[in-house]
Amino acid sequence: MVPEIRREFNRRWRPELYADLLRRIDDVAGTHVEFRCSETPIFLPANLVDKMVRHGRELCEQLLANPEYLKAAHAAIPAQFRAPGESVSPLFVQADFGLIETGERRLEPKLVEIQGFPSLYAFQPALAREYEQVYNLCEIGRRLDTFLGGLDRASYAALLERAILNGHDPEEVVLLEIDPYRQKTLPDFLLTEKLFGVKIADIRELEKRGSKLYLNNTEIRRIYNRVIVDELARKGVEPVFRFTDDVDVEWAGHPNWFFELSKFSLPWLRHECVPESWFLSDLREWPENLEDYVLKPLYSFAGIGVKIGPTAQELRAIPQAERANYILQRRMNFAATIETPSGMTKAEIRIMYIRDGNELKPVTTIVRTGRGKMMGVDFNKNLDWVGASAGFTIRE
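An account of the accompanying structure is given in this report. (Residues numbered from 1 in each chain as written. Predicted model: local features only at pLDDT ≥ 70, side-chain atom pairs only at ≥ 80, totals over all residues. Heavy atoms only, no water.)

Here the focus is helix α2 (residues 15-29). Between its terminal C-alpha atoms α2 stretches 21 Å, which fits the 21 Å expected from 15 residues at 1.5 Å a residue. What α2 keeps buried is the set Y18, L21, I25 and A29. Mapping the buried residues of α2 onto a view down its axis gives an arc of 50°, with all of them on the same face. Exposed and oriented more than 90 degrees from the buried face of α2 are E16, R23 and D27. (Helix = DSSP H or I, 4+ residues; strand = E, 2+ residues; numbered from the N terminus. Expected span 1.5 Å × (residues − 1). Buried < 20%, exposed > 50% of the residue type's maximum accessible area, 1.4 Å probe, protein only. Arc of directions from axis to C-beta.)

What follows deals with unusual backbone geometry. With the exception of glycine, the majority of residues adopt a negative phi angle, and the majority of peptide bonds are in the trans configuration. For N166, which is not glycine, the phi torsion reads 50° and is therefore positive. With respect to the helices, strands and loops of the structure, N166 is situated in the loop between α6 (153-165) and β5 (173-177). Under the relative-accessibility criterion, N166 is labelled partly exposed at 44%. Positive phi, close to 45°, is recorded for D179, a residue that is not glycine.

The subject of this paragraph is the nonpolar core. In terms of nonpolar packing, the biggest core is built from 62 residues, with L111, I203, I223, F241 and F243 touching the most fellow members. In terms of residue count, the dominant contributor to this core is helix α3 (residues 46-64) (seven residues). The contact partners of I203, leaving out residues within four places of it in the chain, are L176, E177, I178, V227, L232, V237, P239, F241 and F243. By size, the runner-up hydrophobic cluster in this structure holds 55 residues, among which are L144, F189, V363 and A388. (Core = buried A, V, L, I, M, F, W, Y, C linked by side-chain atoms within 4.5 Å. Contact = heavy atoms within 4.5 Å.)

Spelled out as structure tokens, the structure:
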């Protein structure tokens, strides 16, 4: 996307530098990073990043200003996960974009999905820092920013600390997950604990006494929620504390927004960056060219259950009662924009936001690269120069 910087990076790259990068990432995280980290960061022109930042804000604002949407999204939350005390807006927002090439050979972002759920806020800046230091990116000779919204490392950490702790003693705040020490996102959990002193807790460990929650006899006043509820259902986890309980606790990321700002929003959005999308239940007949569409379950992570180019037979096999839990979205042919020794590679770019007062503030990016049909690990097995990466914005 910035050809001269890409060529200079590729010229400087050495396998021993990449090996050093992987060692250092594990060391910083305090555990082995199980997901694949790419050999390279990506370099993004400022005008493209600014457009994605603007689009993500516009999409979120459009949904929050639509009472019909909010009512429908709330009603779509399964009863067993509908938590009381919902915040008026999401604290954390992620907007994922792929890039298409227009007829003028200009890159334009198209929405993949939008989420009201926390992401790798502690790990991602650490990963970017290792890319920066191992590859001496400062020597490239251009200003490279990995933070957004005018933030630097210190102000980013301060903002994230306010979002997670909200002034509470870290001893009274937990990062809540299911089997946290078995998750691939453990590096992010450990870094969050290291940075802010919060406890990492399995949802099964919480005790409920009246309207209060406890972990090892310490009252919990705030929860940094990382529990993905479809995993909760899939694993059949039955904790003492349930999301529906009316407990005296604050949420850093209220769990209802997992549902309310999700793939459920895609058919409601009207924006230049949003591909045509429909609830499967709203379609009386399928498009003839199904190879140009993607079938997505509403509430799944990491590409689970997504089918690219579904067949009519596969669509008919979904029971009528379950079709409201799927969307059919026009498939975008994302452009391969990153030149690597193993071939041209595609990127999916996540703009990460944290609500700071009334402002939805862009803070940094997450990047996934791949040459398969999707960015997930299963679609990029045995490939190099793909995987998790970091974005650096080129500013003059």
